[in-house]
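# Structure at a glance
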Amino acid sequence: MDEQYRYRRKETKMFAKELTIFTDKVYHDKYEAIEDIAHLPNEFVNNSDEYAKAVIARENVIATYIGYGIAIPHAISAAVNQAFVIYVKFLNGCPWANEDGEDRVDHMMMIGVPADKGSTQHLKILAELSKNLMHEDFREKFLNTKSPEESYELLKSIEKEMEA
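Residue numbers here run from 1 along each chain, matching the order of that chain's written sequence. It should be noted that, the model being predicted, local features are given only for residues of pLDDT at least 70 and side-chain atom pairs only at 80 or more, the latter also being counted only at that level, while totals for whole chains, interfaces and linings use all residues. Hydrogens are left out, water is left out, and the side-chain values use all remaining heavy atoms of the structure.

The name given to the chain in an unreviewed UniProt entry is Phosphoenolpyruvate-dependent sugar phosphotransferase system, EIIA 2, and the organism recorded there is Solobacterium moorei F0204.

## Comments concerning the overall build of the chain
A count of helical and extended segments in the chain gives 6 helices and 6 strands. The numbering of helices and of strands both runs from the N terminus, where a helix is a DSSP run of H or I of at least 4 residues and a strand a run of E of at least 2. Listed N to C, the secondary structure of the chain is α-β-α-α-β-β-β-β-β-α-α-α in terms of helices and strands. Across the 164 residues that make up the chain, the buried fraction comes to 48%. Here a residue-residue contact requires only that any non-hydrogen atoms of the pair lie within 4.5 Å. Looking at the chain alone, contacts between residues at least 24 apart form 70% of all its contacts between residues at least 6 apart. Classification of residues uses two cut-offs on accessible area relative to the type maximum, computed with a 1.4 Å probe and protein chains only: under 20% is buried, over 50% is exposed, and between them is partly exposed.

## What about the packing of aromatic side chains?
Pairing of aromatic rings covers Phe, Tyr and Trp, the last through its six-membered ring, and needs centres within 6.5 Å; plane angles under 30 degrees mean stacked, over 60 mean edge-to-face, and all others mean tilted. This structure, assessed with the given rule, holds 6 aromatic pairs. Their ring planes at 10° and their centres at 5.9 Å tell us that Phe138 and Phe142 sit as a pair that is stacked. Taken together, the residues span about one helical turn, with Phe138 and Phe142 both in helix H5 (residues 136-143) at a distance of 4 residues. Owing to a relative accessible area of 11%, Phe138 belongs among the buried residues under this scheme. Taken together, the aromatic side chains of Phe22, Tyr87, Phe138 and Phe142 make up a single cluster linked through ring pairs.

## Re the nonpolar core
The criterion is simple. A nonpolar core is a set of buried Ala, Val, Leu, Ile, Met, Phe, Trp, Tyr and Cys residues joined through side-chain atoms within 4.5 Å. In terms of nonpolar packing, the biggest core is built from 29 residues, with Ile37, Tyr51, Phe84, Ile86, Phe90, Trp96 and Met110 touching the most fellow members. Within the residue set of this core, elements represented by two or more residues are strand S1 (15-23), helix H2 (30-38), helix H3 (48-61), strand S5 (84-95) and strand S6 (104-114). Judged by nonpolar contacts, the second largest core, of 22 residues, contains Val85, Ile125, Phe138 and Leu154.

## Comments concerning the pattern of salt bridges
Put simply, a salt bridge is a Lys or Arg side-chain nitrogen that is within 4 Å of an Asp or Glu carboxyl oxygen. Going through the model one piece at a time under the given rule, you end up with 7 salt bridges. Among the salt bridges present, the one from Glu59 reaches Lys30, with a minimum N-O distance of 3.1 Å. With Glu59 in helix H3 and Lys30 in helix H2, this pair connects stretches of sequence that are 29 residues apart. Judged by relative accessible area, which is 7%, Lys30 ranks as buried.

## Re the packing of H5 against helix H6 (residues 148-163)
Helix-helix packing is described using two parameters, namely the angle between the two axes and the distance between the axes. All axes are obtained by fitting lines to C-alpha atoms, using only the stretch in contact for helices, and the reported angles, taken between N-to-C directions, cover 0 to 180 degrees. Look at H5 against H6: their axes get within 9 Å of each other, and the N-to-C directions meet at 150°. Taken together, the axes of H5 and H6 are roughly antiparallel relative to one another. Here the hand of the crossing between H5 and H6 comes out left-handed. Between H5 and H6, the residues in contact are Phe138, Lys141 and Phe142 and Ser151, Leu154, Leu155, Ser157 and Ile158, respectively. Taken together, the residues that form the contact of H5 with H6 break down as 5 nonpolar, 2 polar and 1 charged. Put simply, angles under 35 degrees are roughly parallel, angles over 145 are roughly antiparallel, angles from 65 to 115 are roughly perpendicular, and the rest are oblique. By convention the crossing between two helices is left-handed if the near helix lies anticlockwise of the far one by an angle smaller than a right angle, and right-handed if it lies clockwise. Residues are grouped as follows: Ala, Val, Leu, Ile, Met, Phe, Trp, Tyr, Cys and Pro are nonpolar; Asp, Glu, Lys and Arg are charged; all remaining types, including Gly, are polar.

Structure, rendered in C-alpha cells:
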C-alpha cells in the first residue's frame, strides 16, 4: 500500500505538460483570459466555474501583475483537488490593467490550491515562482522560451527545488 502511495505521489506534479500553453488567442481583458483558461481540461480542478470565480475574486482584491510582463493570478478553493500551476504564454499579449499602469502581460502562471492545503502551500508556490523569476538568468531563459516543451522543462526545475 505504501509503495502504491509513493508511486501515485511521484506521478502527481504541480506543473503538467498539458497545462503549459502557448496561445495566439486574443483576449479583451484579464477576466476573459482567466475565465477561459480556468475552464481548460484540468484533472486538478473539480469545478471550473468555482475555480474561475475564486481566481477573479482574488484578482479583484489586488492585481497579480509582478513586472516583466508576468502575472500570477491565484486562488485557494474547494474547487481544486490538488495544487497546480497553469503556464500560458500569450503570443499576442493580454490586456491586464493594474495599479502600476502596466496594461499588458505576455506570461501568466495561474495557481490553484485546495482549500484544505490553505495558505501555506499557496505561499510556498508563490515564493518559489517569484524567487526564480527575480533571478535575471532564469527569467531571461524563461521569458524567451520558444515552445511549451522548453517552458515546461524550466518549470520542472522549480518543482524540483520545492521538493528538495
